[in-house]
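Structural features, examined
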Amino acid sequence: MINAPREIRALSFKYAKPQDYFVRRTCKKTPIRQDVFLAKAEQWSPSLGGVFMCLGDYGKAFLPSPNGTNIKQGALYPVTVVRSNIGEKAARVSMDVVFCSARMMLIPKIKGVHLSRRAKHRSSQSGQLVLHTLKQEGFDSLIIRETAIGASGEALIHEARFLNEKYKAFSEEVRLSKKPGRLKYAPGALNWFLSDIISDSQIQVGSDALFHKIRGDWSRLCPDLLDNIVPIDSVKADALIEAQREFILKRRVSFGTAGELVFDHTEALTAIDVNAFAGHKKGGRHQFNLNLQAVPEIARHIRLRNIGGPIVIDFINLPDAESRSAIEAEMHKAFQDDPSETEILPISKLGMMQIAREKSGPSIAELYLQSKDEICLSFETVALDVIRCLSHRLREFPDRHIILSCHPEFLDWFKHKPALTKLLSEADIAKVHMKSDPKIEARRPFVTVAGIAEPFFV
């Protein structure tokens, strides 16, 4: 499910449970993972072992490069964002550019056609048939995904040809560009998100403009999958995504019928505590089963919340080595489809497990909350919620007078953000009067429509 504008939010589900949450704030020029830029090499840093690159309007990024090999100061290079900027830390980029689609990836630096290491049926007859089909057509630099197995040869050949055409257009854009910035013909971050789910999922889009753009892009790339992209009412999309956002930001989440996970964030690490509800049966077997139920939920929430860096999990008492080994094996299994690189260490005798997960950018908590220590939305998050709410009300009541009531602290902050006030003018905000009221919660403004008794809380 995807909604827009102003903040593109996409949510994927697996077995009716949210699994990935994608966010791009279009009102901010922030590089996010899988974005591709033409970057200008600026300053070599011997102490850090890399080069600082200028991304144009998107700020600076760091390119790890031992001894600055083949990097010339002032030259332009295409780079892919591998980690968004986090706080004061610049984004990190790589010189590897990958063009992805639903069933394959074009990676210019490799030779030949290969099945992905993650493909479960890579050695099957159908998997080898896919390789044979594409090799026979003379394609190169392709990694074939699991989703290609079983697809028609015609669809695969069309997809491979389109990726090659896109790479040629991208190469020409790089050749002709004279200044750093985000590249038009590069694979985008949203495209990466969609390519992982479009082959076997329905994609619901709650924005007319974005719906037509996504359908247009994928009609050329994978026309046989076009029916998987459907429109959905924007109000419904917002409500569903915001309900899931509230769930994702919870400190305590239950699993099964007998336990809960507690998430605590610090500057150094994330701690996850596995707890049993009061009245849960005692005993080693019951505690082991509860820990076993917690494992897939822990892996899902780490991915869903985009938690990176050191993670410490405190399981319920696991005194024997056999139980600890079983939990470790289940944890490895739970993370095998995670796109981020993850290292899982053995459980200690006291039931503690350490996980190191590649950090790809700010977590959902860092993105939406005022601070990771409290469940309190930042003013920026509230402002984007306000703009969405006003857009819906203006569309629903085009001829009514609308009042936005908010706390003076929030109103003062908002008026000093030109990018956000510009979005209001684009939403025909002339029809809306902003009212200051110190009695209102700072992070809970509400919208009143003339002739409607009940206000609409943001």
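Anything mentioned here points back to the structure above.
Described in the following lines is the structure provided in the data block. Small disclaimer: the values here were computed from a predicted structure and weren't measured.

Once that is clear, we can look at helix α4 (residues 208-221). Under the 1.5 Å per step criterion, the end-to-end length of α4 is 20 Å for 14 residues, consistent within 8% with the ideal 20 Å. Taken residue by residue, α4 has L210, F211, I214, W218 and L221 as its buried positions. Projection of α4 onto a plane perpendicular to its axis shows the buried side chains occupying an angular sector of 100°, all on one side. The outward face of α4, more than 90 degrees from its buried face, is lined by the exposed residues D208, A209, H212 and K213.

The tally for this structure, following the rule as stated, stands at 11 aromatic pairs. On the numbers, 5.0 Å between centres and 65° between planes, the contact of F37 with Y58 is edge-to-face. Taken together, the positions of F37 in strand β4 (residues 36-45) and Y58 in the loop between β5 (50-54) and β6 (60-64) put the pair 21 residues apart, joining distant regions of the chain. A residue is classified by how much of its surface remains accessible, and F37, at 0% relative accessible area, is buried. Look at F410 and F414: their rings are 5.9 Å apart centre to centre, the planes differ by 40°, and that puts the pair in the tilted class. Pair noted here: F410 and F414 are both in helix α10 (residues 408-415), with a separation of four residues, about one helical turn. Ring-pair connections join several aromatic residues into one group, and the members of that group are F379, F410, W413 and F414. Positioned above the aromatic ring of Y368 is the side chain of R245, whose terminal nitrogen or guanidinium carbon lies 5.1 Å from the ring centre. The ring of F263 carries R305 above its face, with NZ or CZ at 3.9 Å from the centroid.

What is expected of a backbone is that most residues other than glycine have negative phi and most peptide bonds are trans. One non-glycine residue with positive phi stands out, namely Y15, at about 55°. Relative to the helices and strands, Y15 is located in the loop between β2 (7-14) and β3 (17-25). Residue class for Y15 comes out exposed when judged on its relative accessible area of 74%. Its identity as a non-glycine residue notwithstanding, N306 has a phi of 55°, on the positive side. Here N306 lies in the loop between α6 (284-304) and β19 (309-314). Judged by relative accessible area, N306 falls into the buried class, the value being 19%.

On to the environment of H114, then. With respect to the secondary-structure elements, H114 resides in strand β11 (residues 113-115). On the basis of relative accessible area, H114 is assigned to the partly exposed category, the value being 37%. In this structure H114 touches L131, L142, I143 and I144, once residues within four positions along its chain are discounted. A polar side-chain atom of H114 sits 2.7 Å from the main-chain carbonyl oxygen of K111.

Take E260: it is sitting in strand β17 (residues 259-265). Within the structure, the side chain of E260 is placed 2.5 Å from the side chain of R252, a separation counted as a polar contact. In this structure E260 touches R252, V253, S254, F255, D273, V274, N275 and F277, once residues within four positions along its chain are discounted.

What counts as what
- Residues numbered from 1 in each chain as written.
- Predicted model: local features only at pLDDT ≥ 70, side-chain atom pairs only at ≥ 80, totals over all residues.
- Heavy atoms only, no water.
- Helix = DSSP H or I, 4+ residues; strand = E, 2+ residues; numbered from the N terminus.
- Expected span 1.5 Å × (residues − 1).
- Buried < 20%, exposed > 50% of the residue type's maximum accessible area, 1.4 Å probe, protein only.
- Arc of directions from axis to C-beta.
- Phe/Tyr/Trp six-rings, centres within 6.5 Å; stacked < 30°, edge-to-face > 60°.
- Lys NZ or Arg CZ within 6 Å of the ring centre and 35° of its normal.
- Contact = heavy atoms within 4.5 Å.
- Polar contact = N/O pair within 3.5 Å; in protein donor to acceptor, adjacent residues only side chain to side chain.

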